[in-house]
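A structural walkthrough
For reference, the chains in residue letters:
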Amino acid sequence: MKYNALKGVHDIFPPDIHLWQKVEQTARDIFSVYGFQELRAPIIEATDVFTRSIGETSDIVEKEMYTFNDKADRRITLRPEGTAPVVRCYVENHLYNLPSPQKFFYSGPMFRYERPQSGRFRQFYQIGAEAFGVGGPKIDAEILSMLKLFFERLGLKELNFQINSIGCDKCRPDYRKALLDFFSDRLEGLCQDCKRRYDINPLRILDCKVEACIKLKDGAPYVTDFLCGECREHFNALQSFLNLLDVPYVINPNMVRGLDYYTRTTFEVTCEHLGSQNAVAAGGRYDKLVQEFGGPPTPAIGFAAGMERLTTLLKLSSIEKVPSPKVFIAILGTTAEKESLAIADRLRKEGIWTEIGYAGNSLKSQMRRADKLSAEYVFIIGDDEITAGKLKWKKLSDGDQGEMLFTDIYVFLK
Ligand code: HAM
C-alpha cells in the first residue's frame, strides 16, 4: 500500500523547516515589541462563526469551506482564516473588559477547498495579528509599519504595500447603488454566482476570479469616490501617518478584499516574484464584527501573512544558511563507540550540537556523513587515541587539523 498526501496539502520538513522557524521566530520578536501577545484558538469552530462574518456570498463560504457534521450532528468547519475565531474568543471571554487596545497574534494552519496551484494550497499556514479597541487611524499605520519591519528583518525586499478604504455603513449604500447601476447592463455577461451576488452583495462581483467578470468590472466606480467625510478623514490621516513612518504605499482603489467583514482601511502586501498568487499578507479594519458576534461596539484591525509565500520568498533570496552540527565524532572500534557517546553527552549538555558515528560504518562513510551534514569539526577517535587520552580533529571548511587531549575539548570549541 502506498499513501500520498492529499491534493493541495503538503509536508514541511528539513531543510525548509528552518525557514519556517525563522519566519515564526522573527514574527514573535517583532510582534511582541508592538505589544501583540499570542492567542491560540481552535482549528475547528461552529460553521456559523465563519458564514456570517466572512459573508454568505464570499468565495470562501460559497465554495471553499471544509464543513462536516460531527457525531452529535453539529455543523463544524475547519477554519478557513484566523480573524473570526479570534473575534469569537475575544467576545466569549469578555476580553473587551480589559484595557484597550488588546493585541493578539496567532499562527497555524487554515483550510480552503481552492484549486491548488503554485502558492495556493488547501491547507496553508498563516501568521496574523489582530488589535481590538482603537478606532483611529494611528493603529492602522502602526500595524503596516510593523509588517514593514517584519519583512525587513526577514531580509525581504521589493514588496508593494497597497492600501484602500472601503468605507463604512454610511457610505456603502451610495456605493452599492452606483455598482448596481454600473452592472445593470452587464448582468447578462456575469457568471451565475455574480448574478446572484448582484442582488445580495454587488461589492463581491469586484472580487470574482472568473475571466468574464474580471473584464466586465473594468471601469466600475471606485469605492474611494463614495467615502463619507469621516472615512475620508480616516484615510487621509492614515496616509500622513504612513508618510511619517516611512512606509511606502500605493492607493489601489480596486482592492475590495474577499471577505465581507471589512470597513474602512484595507491593505495587501504583494511581491511580483510570486507570480499570480502574489499577496504575501493582507488585512484591514473590521469595526462591526465584535458587535455582530454579540460584543460591545469595538473597532478592530488586523492582517494575516501566508507562510508558504513568505518562505518561498526567503528561499528565492537564498540568504538563509541551514543550521549544521558543530561536531561530528567519527569512531574506529568498539571502545571508541563508548567514548564517543560520553563525549557527545557532555557536549550536548553544554548546548553544542554533536553528531556521532555508529559502529559498523567505515571511517570513509562517517567522514562522508559529516560532510553531508556540513559539520564544522570532525573528531576522530580510535583505540590508539583512547589509550593516549587524545583525539584527532579536522575542520572541514579549510582542512585544518591537529590533535588534542580529551580534557581540552570544551576549551577548544569555545
Ligand atoms: P486573506 O487575504 O484571505 O485574509 O489571507 C491572507 C493571506 O493568507 C494571503 O495574503 C495569502 O498570503 C495567504 N493565503 C490565503 N489563502 C491561501 C491559500 N489558499 N494558499 C496559500 N496562502 C494563502 C485573511 O485570511 C484575513 N483573515 C486577514 C485579516 C486578519 N484581516 C483582518 N485580520
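See the structure above.
Residues numbered from 1 in each chain as written. Predicted model: local features only at pLDDT ≥ 70, side-chain atom pairs only at ≥ 80, totals over all residues. Heavy atoms only, no water.

1. Let's talk about the sheet that holds strand 5 (residues 102–111)
Strand-to-strand pairing in sheets goes through backbone hydrogen bonds, with the strands running parallel or antiparallel. Reading across from one edge, 1-5-6-11-10-9-7-8 is the order of the 8 strands in this open sheet, with mixed pairing throughout. Of all strands in the sheet, those bounded by a partner on one side alone are strand 1 (37–38) and strand 8 (250–251). Judged from the 2 bridges that link them, strand 7 (residues 160–165) and strand 8 form a sheet pairing that is parallel. What sits directly across from isoleucine 163, in strand 8, is isoleucine 251. Where helix 9 (residues 229–244) meets the sheet, its contacts fall on strand 7, strand 8, strand 9 (263–270) and strand 10 (279–285), and the angle it forms with strand 7 comes to roughly 160 degrees. (Pairing = 2+ DSSP bridges. Helix = DSSP H or I, 4+ residues; strand = E, 2+ residues; numbered from the N terminus. Contact = heavy atoms within 4.5 Å. Axes fitted to C-alpha atoms, helices over the stretch in contact; angles between N-to-C directions.)

2. Some details on helix 6 (residues 172–184)
Taking 1.5 Å per residue, 13 residues should reach 18 Å; helix 6 reaches 18 Å between its end C-alpha atoms and fits that length. Every buried residue belonging to helix 6 is among Tyr175, Ala178, Leu179, Phe182 and Phe183, and all of these are buried. Mapping the buried residues of helix 6 onto a view down its axis gives an arc of 125 degrees, with all of them on the same face. Exposed residues lying more than 90 degrees from the buried face of helix 6 are Asp174 and Lys177. Residues of helix 6 that are buried sit in contact with helix 7 (192–200) and helix 8 (211–216). (Expected span 1.5 Å × (residues − 1). Buried < 20%, exposed > 50% of the residue type's maximum accessible area, 1.4 Å probe, protein only. Arc of directions from axis to C-beta.)

3. Brief notes about the site of the ligand
In the vicinity of the ligand there are 27 residues, among which Glu81, Glu114, Glu130, Tyr262 and Ala279 approach most closely. At 3.3 Å, a backbone N or O of glycine 306 approaches an oxygen atom of the ligand. Contact with the protein chains removes 96% of the 660 Å² of surface that the ligand exposes when unbound. Among the elements of the structure, strand 6 (123–132), strand 10 and strand 11 (300–306) are those that each provide at least two residues to the shell around the ligand. When grouped by side-chain class, the residues that make up the shell around the ligand number 13 nonpolar, 7 polar and 7 charged. (Near = heavy atom within 4 Å. Polar contact = N/O pair within 3.5 Å; in protein donor to acceptor, adjacent residues only side chain to side chain. Areas by Shrake-Rupley, 256 points an atom, 1.4 Å probe, with all protein chains shown as cover. Nonpolar A, V, L, I, M, F, W, Y, C, P; charged D, E, K, R; others polar.)

4. Things to note about the packing of helix 1 (residues 16–33) against helix 11 (residues 307–317)
The interhelical angle for the contact between helix 1 and helix 11, taken along N-to-C directions, is 110 degrees, at an axis separation of 10 Å. For the element pair helix 1 / helix 11, the angle class is roughly perpendicular. Read as a crossing pair, helix 1 and helix 11 show a hand that is right-handed. The segment helix 1 lies against helix 11, with Asp16, Leu19, Trp20, Lys22, Val23 and Glu24 engaging Met307, Glu308, Leu310, Thr311, Leu314 and Lys315. When grouped by side-chain class, the residues that make up the contact of helix 1 with helix 11 number 6 nonpolar, 1 polar and 5 charged. (Parallel < 35°, antiparallel > 145°, perpendicular 65-115°, else oblique. Left-handed = near helix turned anticlockwise from the far one by under 90°.)

5. Concerning the sheet that holds strand 2 (residues 44–46)
On the basis of which strands lie adjacent, the open sheet formed by 3 strands has the order 2-4-3 and antiparallel pairing. Each edge of the open sheet is held by one strand with a lone partner, namely strand 2 and strand 3 (66–69). Averaged over all pairs of adjacent strands, the angle between their axes in this sheet comes to 35 degrees, without regard to strand direction. When strand 2 meets strand 4 (residues 75–78), the two strands line up antiparallel, connected through 3 bridges. Within strand 4, the residue paired with alanine 46 across the bridge is isoleucine 76.

6. A short note on the side chain of glutamate 385
With respect to the helices and strands, glutamate 385 occurs in helix 14 (residues 383–388). Side-chain polar atoms of glutamate 385 contact the backbone nitrogen of glycine 382, separated by 2.9 Å. Dropping the residues within four chain positions of it, glutamate 385 is found in contact with Ile380, Lys390, Leu391, Lys392 and Phe406.

7. Some thoughts on the pattern of salt bridges
Under the defined criterion, the tally for this structure stands at 29 salt bridges. Between glutamate 38 and arginine 28 there is a salt bridge, with the nearest N and O atoms lying 2.9 Å from each other. Placement of glutamate 38 in strand 1 and of arginine 28 in helix 1 is noted, with a sequence separation of 10 residues between them. Exposure remark for arginine 28: the relative accessible area of 30% places this residue in the partly exposed category. The residue lysine 390 makes a salt bridge to glutamate 403 at a minimum N-O spacing of 3.8 Å. Taken together, the residues span a long stretch of sequence, with lysine 390 in strand 15 (residues 390–395) and glutamate 403 in strand 16 (residues 401–405) at a distance of 13 residues. Exposure remark for lysine 390: the relative accessible area of 33% places this residue in the partly exposed category. A single salt-bridge network, built from bridges that share partners, covers Asp59, Glu62, Lys63, Asp193, Arg196, Arg197 and Lys209. (Salt bridge = Lys/Arg side-chain N within 4 Å of Asp/Glu carboxyl O.)

8. Side note on the state of the cysteines
Applying the stated rule across the entire model yields 0 disulfides. Looking at the unpaired cysteine 171, the closest cysteine sulfur is the one in cysteine 231, lying at 3.7 Å. For the unlinked cysteine cysteine 208, the closest cysteine sulfur is that of cysteine 194, found at 3.6 Å. With a relative accessible area of 5%, cysteine 208 lands in the buried category. (Disulfide = S-S within 2.5 Å.)

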